[in-house]
Each structure stands twice: as structure tokens, then as C-alpha cells.
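# Fold and geometry: a report
Each chain, written out:
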Amino acid sequence: MGTDIHHLDTVTFDDELDRIEIIDQTLLPGIVKTIYLQTAEEIYEAIARLQVRGAPAIGVTAGFALYLLMKKCGASDRNAFEKEMTKTADYLNSSRPTAVNLSWALNRMKKCADRTLNSSVTEWQSLREQVLDAMRRECFAIRDEDIDACRRMGEYGLSLISDGSGILTHCNAGRLATVRYGTATAPIYLAHEKGMHLHVYCDETRPLLQGARLTAFELSSAGIETTLACDNMASSLMKAGKIQAVFVGCDRVAANGDAANKIGTSGVAILARHYGIPFYVCAPLTTIDPATPTGADIVIEERDPSEVTELWYRERMAPDNTCFSVYNPAFDVTDHDLITAIVTPKGILRAPYTDSIADVMS
Ligand code: MRU
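Residues numbered from 1 in each chain as written. Predicted model: local features only at pLDDT ≥ 70, side-chain atom pairs only at ≥ 80, totals over all residues. Heavy atoms only, no water.

### Details of the layout of surface pockets
The computed volume of the largest pocket comes to approximately 260 Å³. Every element with two or more residues in the lining of the largest pocket is listed here: helix 2 (55-72), helix 4 (100-117) and helix 5 (124-158). With 6 residues, helix 5 is the largest single contributor of residues to the lining of the largest pocket. Residue composition of the lining of the largest pocket, by class: 8 nonpolar, 3 polar and 6 charged. When residues of the lining of the largest pocket are assigned to domains, at least three map to each of domain 1 (11-146) and domain 2 (152-361). (1 Å grid on protein atoms, 1.4 Å probe; cavity = no way out; pocket = protein on both sides within 12 Å on 5 of 7 lines; lining within 4 Å. Points joined across faces, edges and corners; volume = space filled by probe spheres on them. Helix = DSSP H or I, 4+ residues; strand = E, 2+ residues; numbered from the N terminus. Nonpolar A, V, L, I, M, F, W, Y, C, P; charged D, E, K, R; others polar. Domains from an automatic or database assignment.)

### Quick word on the domain arrangement of the protein
Domain boundaries assigned for the protein yield domain 1 (11-146) and domain 2 (152-361). When each unit is reduced to the centre of its C-alpha atoms, the spacing between domain 1 and domain 2 is 27 Å. With 25 residues of domain 1 at the interface, the matching set in domain 2 holds 28 residues. Sorting the residues of domain 1 by area buried against domain 2 places Arg 53, Thr 98 and Val 100 first, and these three jointly supply 28% of that buried surface. Joining domain 1 to domain 2, the criterion identifies 1 salt bridge. Glu 301 is the partner of Arg 96 in a salt bridge, and the nearest nitrogen-oxygen pair spans 2.8 Å. Within the residue set of the side of domain 1 that touches domain 2, elements represented by two or more residues are helix 2, helix 4 and helix 5. (Contact = heavy atoms within 4.5 Å. Buried area = accessible area lost by both parts, 1.4 Å probe. Salt bridge = Lys/Arg side-chain N within 4 Å of Asp/Glu carboxyl O.)

### Here we look at the environment of Ser 165
Its location among the elements puts Ser 165 in the loop between helix 5 and strand 4 (166-169). Sequence separation between Ser 165 and Arg 350 is 185 residues; the distance between their C-alpha atoms is 22 Å. In this structure Ser 165 touches His 197, Leu 198, His 199 and Gln 244, once residues within four positions along its chain are discounted. Looking at Ser 165, its side chain comes within polar contact range of the main-chain oxygen of Ser 162, at 2.6 Å. (Polar contact = N/O pair within 3.5 Å; in protein donor to acceptor, adjacent residues only side chain to side chain.)

### Overview of the sheet that holds strand 1 (residues 11-14)
Taken in spatial order, the 3 strands make up an open sheet running 1-2-3, and their pairing is antiparallel. Because the sheet does not close on itself, it has two edges, and the strands there are strand 1 and strand 3 (34-37). Within this sheet the neighbouring strands show an average axis-to-axis angle of 30 degrees, counted without direction. Two elements, strand 1 and strand 2 (residues 19-23), share 4 bridges in a ladder whose sense is antiparallel. In the strand pairing of strand 2, Thr 12 is matched with Glu 21. On the sheet, helix 1 (residues 40-48) packs against strand 2 and strand 3 and is oriented at approximately 135 degrees with respect to strand 3. Across the sheet, helix 2 touches strand 1, strand 2 and strand 3, and the angle it forms with strand 1 is around 15 degrees. (Pairing = 2+ DSSP bridges. Axes fitted to C-alpha atoms, helices over the stretch in contact; angles between N-to-C directions.)

### Some points on empty space enclosed by the protein
On inspection of all chains with the given rule, the structure shows 2 cavities of 30 Å³ or more. Reported here for the largest cavity is a volume of approximately 200 Å³. In terms of lining residues, the largest cavity is bounded by 23 residues, among which Arg 53, Gly 54, Ala 55, Asn 172 and Asp 251 are the most central. Elements with a contribution of two residues or more to the lining of the largest cavity: helix 2 and strand 9 (259-262). A per-class count over the lining of the largest cavity returns 10 nonpolar, 9 polar and 4 charged. No fewer than three residues from each of domain 1 (11-146) and domain 2 (152-361) sit in the lining of the largest cavity. Considered as a void within the structure, the second largest cavity measures approximately 30 Å³ in volume. Every residue lining the second largest cavity is listed: Pro 207, Leu 208, Lys 262, Arg 303, Glu 307, Asn 328 and Ala 330. Tallied by class, the residues present in the lining of the second largest cavity amount to 3 nonpolar, 1 polar and 3 charged.

### Comments concerning the pairing of strand 3
Here strand 3 shows one buried face, formed by Ile 35 and Leu 37, and one open face, formed by Thr 34 and Tyr 36. In terms of strand pairing, strand 2 meets strand 3 through 4 bridges, oriented antiparallel. Bridge assignment links Glu 21 to a residue of strand 3, and that residue is Tyr 36. (Buried < 20%, exposed > 50% of the residue type's maximum accessible area, 1.4 Å probe, protein only.)

### Some thoughts on the site of the ligand
Taken together, 18 residues sit near the ligand, with Arg 53, Arg 96, Gln 210, Asn 261 and Lys 262 positioned nearest. Arg 53 is positioned with one of its side-chain polar atoms (N or O) 2.5 Å from an oxygen atom of the ligand. One nitrogen or oxygen atom from the side chain of Asp 251 is found 2.9 Å from an oxygen atom belonging to the ligand. Protein chains shield 100% of the accessible area of the ligand, which is 420 Å² for the free molecule. (Near = heavy atom within 4 Å. Areas by Shrake-Rupley, 256 points an atom, 1.4 Å probe, with all protein chains shown as cover.)

### Here's the deal with the sheet that holds strand 9
The pairing of strands in a sheet happens through backbone hydrogen bonds and is either parallel or antiparallel. Taken together, 3 strands build an open sheet; the order of strands is 8-9-11 and the sheet is antiparallel. Both edges of this open sheet fall to strand 8 (252-253) and strand 11 (331-334), since each of them pairs with a single strand only.

### Section: the state of the cysteines
What we call a disulfide is simply a covalent bond connecting the sulfur atoms of a pair of cysteines. In this structure the tally under the stated criterion is 0 disulfides. Residue Cys 112 stays outside any disulfide, its sulfur separated by 8.7 Å from that of Cys 139, the closest cysteine. Lacking any disulfide linkage, Cys 250 is separated from the closest cysteine sulfur, that of Cys 282, by 7.9 Å. (Disulfide = S-S within 2.5 Å.)

Below you can see the structure in the form of C-alpha cells.
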């Protein structure tokens, strides 16, 4: 346990002890605690309960997870290994539906294993060792590429920010949602490093408070001037001229540029359009899903009603009767025509997104 997250990676893997290590994000900001994941059930629960969250961090965890669980499985031949790998990947993939990084990482790991499994080696134990070796390299590559992608997005994003700006962000697309740097926060960290003066406004982000508990915490503890605002205050900040740009992350970008992100993001984009403020979505290529044609095809996770009615209250703050229900989607989709640009590790994409996304993904 400690109090600083800036010297820690959000997700790591300990090769000697064969375990995934994550900062338990459900305990932040009060407690900075690393927890260790070793079984499929522990990993599933950690993702479903948002102990590890944010699309890129979920993807990196999934990569480590499939390697770890296949290393531990006692498959006695190639077929048994393949069967177990499909079962394990399907199970992990069912932990959360919206962030495409989860299925993307699991598919990449499976493809990597399949390439080696299809080799001409016939003796099972040596083939098994080769497959696990390839899977190990692949999951660490996914981790390293995430770090590199965030750094590159930071550089491109920085070109969109001027000194002295007020930046609004929603949810947490910070270092806690990736391995390091974050996506939407990467330009902010970089600007800070270069001595630029920014003021960041964090939407609280009901109902799970990722803006308050995570973004405000990580930015302010890095020495960046940060103001927390409830979700219904964004319009007032914009009207007062305090916001010069909005930077958000995303969980899945469709082929036409529609972008799913934390519930409330779409409303912020509509407000930004009204006030003539640029609205930027930061997206690693692992979050762009050309196989999903539009935002209407993105599955939106529905979460437990108690997150809205009870989680942060001393007593239930809503009625409890048969005529009452709770609407609790975890994400919404921002229409592509509200997005000024999509910042990727390979450059800044502009409309028409169908073309610019196809180009960058090709
Ligand atoms: O439910 P969460 O906390 O996993 O939602 C996270 C977000 O919506 C982030 O903005 C998104 O994953 C991008 S993270 C770089």
C-alpha cells in the first residue's frame, strides 16, 4: 500500500510469481493498493467490478490473463489446449461488453497461439513451451504498444492545445485507464511536463465517479491544476468561457467515427457544439473497431441499479417499490458529426471519418 500512483503501472505481470498485478481502482482515491490476480474468476471479477477498468487497461489485463491461464492449464495435447483457450477467452470476454479492447486482445492472443500450434513440431511438451513463449511475448508486446500509443497520442493531442487553456474531460481516460500516461490525459501530462499552464475541469461522472475518484485524483496529485464539477455543471463552465477544448477517451469507435464512451460523454459533445468548443476523442487503434459499422451496432453495458440508488449514499436515495426502476447504461455513443477530431497514435483524424478511419487502420 502507498499513496502515490505515478510510480506504478496500472497493470503489470509478475513472471516469477505468475500473477497479474493491478491497482484496485474501486479503493481510490482513499487507498492505493495493488492486488494480485491468479485465477480466471479473480480476473473476471476484477474486470466486471471495475477494479481494473478503462478500455486499454482492460485489453492489457486480458492479454496477460490468457497467457497466465493457459500456462496454468494442464492440457495434454494440442486439441485440449485449443479447446481450453477458446473456453477461457469466451469466459473473460463476457466480463464486459462495450470496450472492444477486451475481445481485440483475446483474439490477438489466440491468433498468436494458433500460429505456433499450427507449426510442424509434433512432441506436445516442446510445442506447449513454444506456444507459451510466443503468448508471453505477445502479451508483453500489447502492454508495450499501449504505453507507446499513449505517448504518441499525447504528442499529437498537444498540438491541439494552447498554453493557458481550460480543458474539460469526462470519466477517466487517464493513466489509470491505460498502463501509463492515459489517452485523453496524455496531452495534458505532456503539456505539464513542458511547463505549459493548463487548468483541467473533471466531470464527476455519475454514477461510478471515475472523474472525481480517478481523474481529479491522478491529475491533481501530479501537480496539475484540477477543478472537479458535477456532471450537470459543464454547460455553466462552457458558458463562462472556462473551457477551450474537451478531451475524452473512448471504448469503441465504429467505422463511421461514432464513438462509445462513458455515459454522459454525448451530452458534453452536444454542449461543446452549442458553445463552439472543439471536442476531441483520443483513441488508440486498439479501440477502433472497423467491424462495427455505426454506433447503433455497439452493445452498451447496463449496470446494477444499486450503483445509482445506494452506492455512494449512507441510505438509499430513491424509492423502492414495484412502480420504480433505474436506468443505468454505462456508456453512450457520441455521433461522429459532433467530434472535431479523433486523436490516434498515428495522427489526427478528421471527417469524413469513414475515410480517415479506413486509411489509418489499413
Ligand atoms: O466503465 P469504465 O470506467 O471502464 O469506462 C471507462 C471509459 O469510459 C473511458 O473513458 C474509456 O475506457 C477510455 S480509457 C482510455
